[in-house]
Structures are given as C-alpha cells and as structure tokens.
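Listed here are the chains, written in short residue letters.
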Amino acid sequence: MNPIELYKKLPKKNCGKCPQKACMPFALSVIKGDAKLSECPYLTGDARDAIEVSLKTSDWREELIAKLRDEIKRINFADIAEGLGAELKDGALIIKCMGREFIVSPDGEITTRGHMTPWIKILLLHYIRTAGKGSLSGKWVSYGELKAGMVKASSFQRDCEEPMRELFDKNFEGAIMVLNRLGAKKREDFPAKQAWHLFLLPKIPVIILYWPKEEEFESKVKIIFDSTADRFLDAESIIFLVEGLVKNIEITLSRG
Ligand code: SF4
C-alpha cells in the first residue's frame, strides 16, 4: 500500500486531531512507520484492522528496499565512496547520517547502532544509488532553487519548515540541545537571529535559520541547502530527509 492508497481509506476530515494535523501527512507518517493508525480517533476498530491487513500484505517499503538493494549490488563502492563523502572499510560503505554511522554492505544490507526505520534505509540506498560526486559549492540556496524543488516547495514548507518552526517556538533550548547532539554548529554569518549548520548526510549540509516572534512579526524558519544538494538526492528524498530530522528532534524532546 502506498501513501495515496492509505489516504483514500482515511476519514479525510483534516480535523487536525492526529499529531500530523492533516490526513495526507498522517498517511505518509503511517507508511514511514512514524505514526500509528490508532492516532486517528475517527478510524473504527474494523477499519483499522482492514488497513493493517493491507499494510502487512503489501509492504511497498520492503519491496522498494529489495529493488534498491538489487541496484546497489551492481555498484562498485570503491568508485563512489569518495564522491559520497563516505568511508570505505572492508568493502562496506560507512555513511554518517544526522550524527549516526550506518554501515552498508556491498549487497545493500544496512546496520547501525540502535533503532532503524525502513525509511532511513530507503534514503541511504537512494543516496548510494544516485552516486553523486563533486565538491560542495559553498553557495546556499532555498529548497525551491534545487532541481525540481520549485514544484514541491510548498510541501517542503508545510512538512519541514513549519513543523521545525513550531518545535523552535515551543522549546527552543531543547531543540538546539538535540541539534547539538546531532553535530550542529552555530553560525554567525547569516542574517537571522539563529543559524545552525548541520550535515544531514556527508554531502547534504543544511543551514537552519530561525527568526523568533518579534512584536508584530511572526516567527519563521528557513532551511537552506548547498546548491549541489540535488546531485546527491532527488527533491522528494530531500523532503523525507529533513522530515526525518524534524521527527528526530520531536521524538527526543517528547522523551524529555
Ligand atoms: S485525525 Fe484522522 S481525520 Fe483527523 S486529520 Fe488526522 S487522519 Fe485526518
């Protein structure tokens, strides 16, 4: 089942009672394993059971992972490691993603310390399959300026920048503490009250800019990318990568 198929089975009230506040993001989160069907109060027990069965019988994520692993097997890691900013060790790639090390074997199996979702596997396999190379430009651009970013710019704002702004507004100190743990560094050379530099993947650094609420001006978050980011991941995957960061901060803060 893909997110659209799941969305069609939801009550589609867009009532905002689930943590994702709308049915489509909720469907995406369920598919990614970040949300549970029970978080939608309008789904009856029978409807939930029927969806659970469909989710189990057709796990498109596992199918996609298997397909990507097949493609990865044909890639010589020695040829792409440097381009990806990864380390090559005993034939495996070691890739840092949001402060954590992931080991990818030549047949595409991924291991790490701690919990791993199918979604991070898909992102890492995409990153390897894309086999981007080249140096970072040092030129920062908005998501909309990346290749194919313009058509998805409103999704990026809704699913990444807005939830990040809410997290900062609610608990700025806590959010910064989590970002620090992930390896973020404060920057003073950007025209925002707060600017934080973080490597989401070795070749995908971001700068998170935050303007807190001031008098009549509402708070704002802008997330910008090195202009080469689209060489290493497609626009859709970049959204999921940043959503993963937001989720990471949210979950860490909710644990206290
Ligand atoms: S609680 Fe259910 S109906 Fe309401 S927005 Fe979330 S998924 Fe949609």
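What you see is a predicted model, and the numbers here were worked out from it, not measured in a lab. (Residues numbered from 1 in each chain as written. Predicted model: local features only at pLDDT ≥ 70, side-chain atom pairs only at ≥ 80, totals over all residues. Heavy atoms only, no water.)

*Asks:* Would you mind going over the pattern of salt bridges with me for this structure?
*Replies:* In this structure the tally under the stated criterion is 14 salt bridges. Note that Glu-71 is salt-bridged to Lys-67, the shortest N-O span being 3.4 Å. Highlighted residues: Glu-71 and Lys-67, both in helix α4 (residues 60-73), separated by 4 residues, approximately one helical turn. Overall, the relative accessible area of 46% leaves Lys-67 in the partly exposed class. Between Arg-187 and Asp-189 there is a salt bridge; the shortest N-O distance is 2.9 Å. (Salt bridge = Lys/Arg side-chain N within 4 Å of Asp/Glu carboxyl O. Helix = DSSP H or I, 4+ residues; strand = E, 2+ residues; numbered from the N terminus. Buried < 20%, exposed > 50% of the residue type's maximum accessible area, 1.4 Å probe, protein only.)

*Asks:* What is the right way to read the sheet that holds strand β4 (residues 110-112) from this model?
*Replies:* The strands making up a sheet are joined through hydrogen bonds of the backbone, oriented either antiparallel or parallel. Overall, antiparallel pairing links the 4 strands, which are arranged β1-β2-β3-β4 in an open sheet. Strands with a single pairing partner mark the edges of an open sheet, and in this sheet they are β1 (87-89) and β4. Here the average twist between neighbouring strands, direction ignored, is 30 degrees. With 5 bridges joining them, strand β2 (residues 92-97) and strand β3 (residues 100-104) adopt antiparallel strand pairing. Paired with Cys-97 across the bridge in β3 is Arg-100. Strands β1, β2 and β3 of the sheet are contacted by helix α5 (residues 77-84), whose axis makes an angle of about 20 degrees with β2. (Pairing = 2+ DSSP bridges. Axes fitted to C-alpha atoms, helices over the stretch in contact; angles between N-to-C directions. Contact = heavy atoms within 4.5 Å.)

*Asks:* What exactly am I supposed to notice about the sheet that holds strand β8 (residues 204-211) here?
*Replies:* Taken in spatial order, the 5 strands line up as β5-β9-β8-β7-β6 in an open sheet, and their pairing is antiparallel. Of all the strands in the sheet, the pair left with one neighbour each is β5 (140-142) and β6 (185-186). Note that β6 and strand β7 (residues 194-201) share 2 bridges and pair antiparallel. The partner of Lys-185 across the bridge, within β7, is His-197.

*Asks:* Whenever I open this one, the domain arrangement of the protein chain confuses me. Can you help?
*Replies:* Many structure descriptions define interface size as the accessible area lost when the parts assemble. Here the protein chain is partitioned into domain 1 (3-58), domain 2 (61-130) and domain 3 (140-255). The centre of domain 2, based on its C-alpha atoms, is set 23 Å off from the matching centre of domain 3. Across the boundary between the two partners, domain 2 contributes 15 residues, which contact 17 residues of domain 3. Between domain 2 and domain 3 the total buried area reaches about 1,300 Å² when both faces are included, carbon and sulfur atoms providing 68% of it. The three residues of domain 2 that bury the most area against domain 3 are Met-98, Leu-123 and Tyr-127, which together make up 51% of that side's buried surface. Counting the contacts that link domain 2 with domain 3 gives 0 salt bridges. For the pair domain 2 and domain 3, the number of links is 3 residue pairs in polar contact (both at pLDDT 80 or more). Elements with a minimum of two residues in the side of domain 2 that touches domain 3: α5, β2 and α6 (118-130). Element by element, the count of residues in the side of domain 2 that touches domain 3 is highest for α6, at 6 residues. Along the lines of polarity and charge, the residues of the side of domain 2 that touches domain 3 split into 8 nonpolar, 5 polar and 2 charged. (Domains from an automatic or database assignment. Buried area = accessible area lost by both parts, 1.4 Å probe. Polar contact = N/O pair within 3.5 Å; in protein donor to acceptor, adjacent residues only side chain to side chain. Nonpolar A, V, L, I, M, F, W, Y, C, P; charged D, E, K, R; others polar.)

*Asks:* I'm lost on the pairing of β7 in this one. Help?
*Replies:* Summarising burial for β7: 7 of the 8 residues are buried, a large majority. Where β7 and β8 come together, 7 bridges link them in antiparallel fashion. Looking across to β8, one finds that Phe-199 is bridged to Pro-205. Hairpin remark: β7 followed by β8, antiparallel, with 2 residues in the connecting loop.

*Asks:* Is there a simple way to think about the packing of α4 against α6 in this case?
*Replies:* Packed helices, taken two at a time, are described by their axes: the angle between them and the distance between them. For the pair α4 and α6, interaxial distance at closest approach is 10 Å and the crossing angle is 25 degrees. With respect to their mutual orientation, α4 and α6 come out roughly parallel. For the crossing formed where α4 meets α6, the hand is left-handed. The segment α4 lies against α6, with Trp-60, Arg-61, Glu-62, Leu-64, Ile-65, Leu-68, Arg-69, Glu-71 and Ile-72 engaging Pro-118, Trp-119, Lys-121, Ile-122, Leu-125, His-126, Ile-128 and Arg-129. Per-class residue counts for the contact of α4 with α6 are 10 nonpolar, 1 polar and 6 charged. (Parallel < 35°, antiparallel > 145°, perpendicular 65-115°, else oblique. Left-handed = near helix turned anticlockwise from the far one by under 90°.)

*Asks:* Explanation requested: the environment of Ala-131 in the structure shown.
*Replies:* Relative to the helices and strands, Ala-131 resides in the loop between α6 and β5. Taking the C-alpha atoms as reference points, Ala-131 and Ile-72, separated by 59 residues in sequence, lie 10 Å from one another. Excluding residues within four positions of it along the chain, Ala-131 makes contact with Ile-80 and Leu-84.

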